[in-house]
Amino acid sequence: MAEAEYKIAPLESPLDNPCFIPSYTLFFDYLGDVLMCPHDWGKKIILGNLFKENIIDVWFKDKSMRIRKKLIHGDRKFSPCNVCDVEGTLIGEENAKFYS
């Protein structure tokens, strides 16, 4: 029997509420890749790499700032956020104000 391939299909429509998770935290793996969110299991958005860049530079780079601004304004129409059903507003609103 062939091994099943699991894919996450986009929601009927992406959530339209803000997400503050990338406004107060970063995640990184054993390869040094910096991810914007713990829910990006497929590593769709890699912000940088700690073996090649300073963490402060990764935090403030254009790519990181653009993603934060989109999410703060409820724009989740990009992968992997278009399949995410995490509310993302439990904490972090104060931090998000800095980026909006």
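Please refer to the structure higher up on the page.
Residues numbered from 1 in each chain as written. Predicted model: local features only at pLDDT ≥ 70, side-chain atom pairs only at ≥ 80, totals over all residues. Heavy atoms only, no water.

Visitor: Explanation requested: the overall build of the protein in the structure shown.
Guide: A tally of regular secondary structure across the protein gives 3 helices and 3 strands. Counting helices and strands in the order they occur from the N terminus, the protein gives β-β-β-α-α-α. Taken along its principal axes, the extent of the C-alpha atoms in the protein is 50 × 35 × 20 Å. Residues classed as buried in the protein amount to 38% of the 100 residues present. Total accessible area on the protein is roughly 6,900 Å²; 57% of this is exposed by carbon and sulfur atoms. Measuring between centres, the 13 positive side-chain charges of the protein sit 6 Å from its 15 negative side-chain charges. (Helix = DSSP H or I, 4+ residues; strand = E, 2+ residues; numbered from the N terminus. Buried < 20%, exposed > 50% of the residue type's maximum accessible area, 1.4 Å probe, protein only. Areas by Shrake-Rupley, 256 points an atom, 1.4 Å probe, with all protein chains shown as cover. Lys, Arg positive; Asp, Glu negative; His and termini not counted. Charge placed at Lys NZ, Arg CZ, Asp CG, Glu CD.)

Visitor: Even after reading the chapter, I still don't get the pattern of salt bridges, so can you show me in this structure?
Guide: A side chain with one charge may pair with a side chain of the opposite charge, provided their charged atoms come close. Counted by the stated rule, this structure contains 4 salt bridges. Taken together, the salt bridges that share partners define one network made up of Asp29, Asp33 and Lys43. (Salt bridge = Lys/Arg side-chain N within 4 Å of Asp/Glu carboxyl O.)

Visitor: Please explain the packing of aromatic side chains as it appears in this structure.
Guide: By convention here, two paired aromatic rings are described through the distance between centres and the angle between planes. Taken as a whole, this structure holds 0 aromatic pairs when the rule is applied. The side chain of Arg68 reaches across the aromatic face of Trp59, ending 3.9 Å from its centre. (Phe/Tyr/Trp six-rings, centres within 6.5 Å; stacked < 30°, edge-to-face > 60°. Lys NZ or Arg CZ within 6 Å of the ring centre and 35° of its normal.)

Visitor: Can you walk me through a nonpolar patch on the surface in this structure?
Guide: On the surface, Ile55, Ile56, Phe60 and Phe98 cluster together to form a nonpolar patch covering roughly 420 Å² of accessible area. By residue number, the principal contributor to the nonpolar patch is helix H1 (residues 55-60), which donates 3 residues. You can see Ile55 is positioned in helix H1. (Patch = residues over 30% accessible without salt bridge, like charges linked within 9 Å, V, L, I, M, F, W, Y side chains within 5 Å.)

Visitor: Mind showing me how you'd approach the sheet that holds strand E3 (residues 46-49) here?
Guide: Two pairing modes exist for strands in a sheet, parallel and antiparallel, and in both the strands are linked by backbone hydrogen bonds. Spatial strand order, E1-E2-E3: 3 strands in an open sheet with antiparallel pairing. What marks the edges here is a single partner per strand, and that holds for strand E1 (27-28) and E3. (Pairing = 2+ DSSP bridges.)

Any functional reading would require information that these geometric values do not contain.
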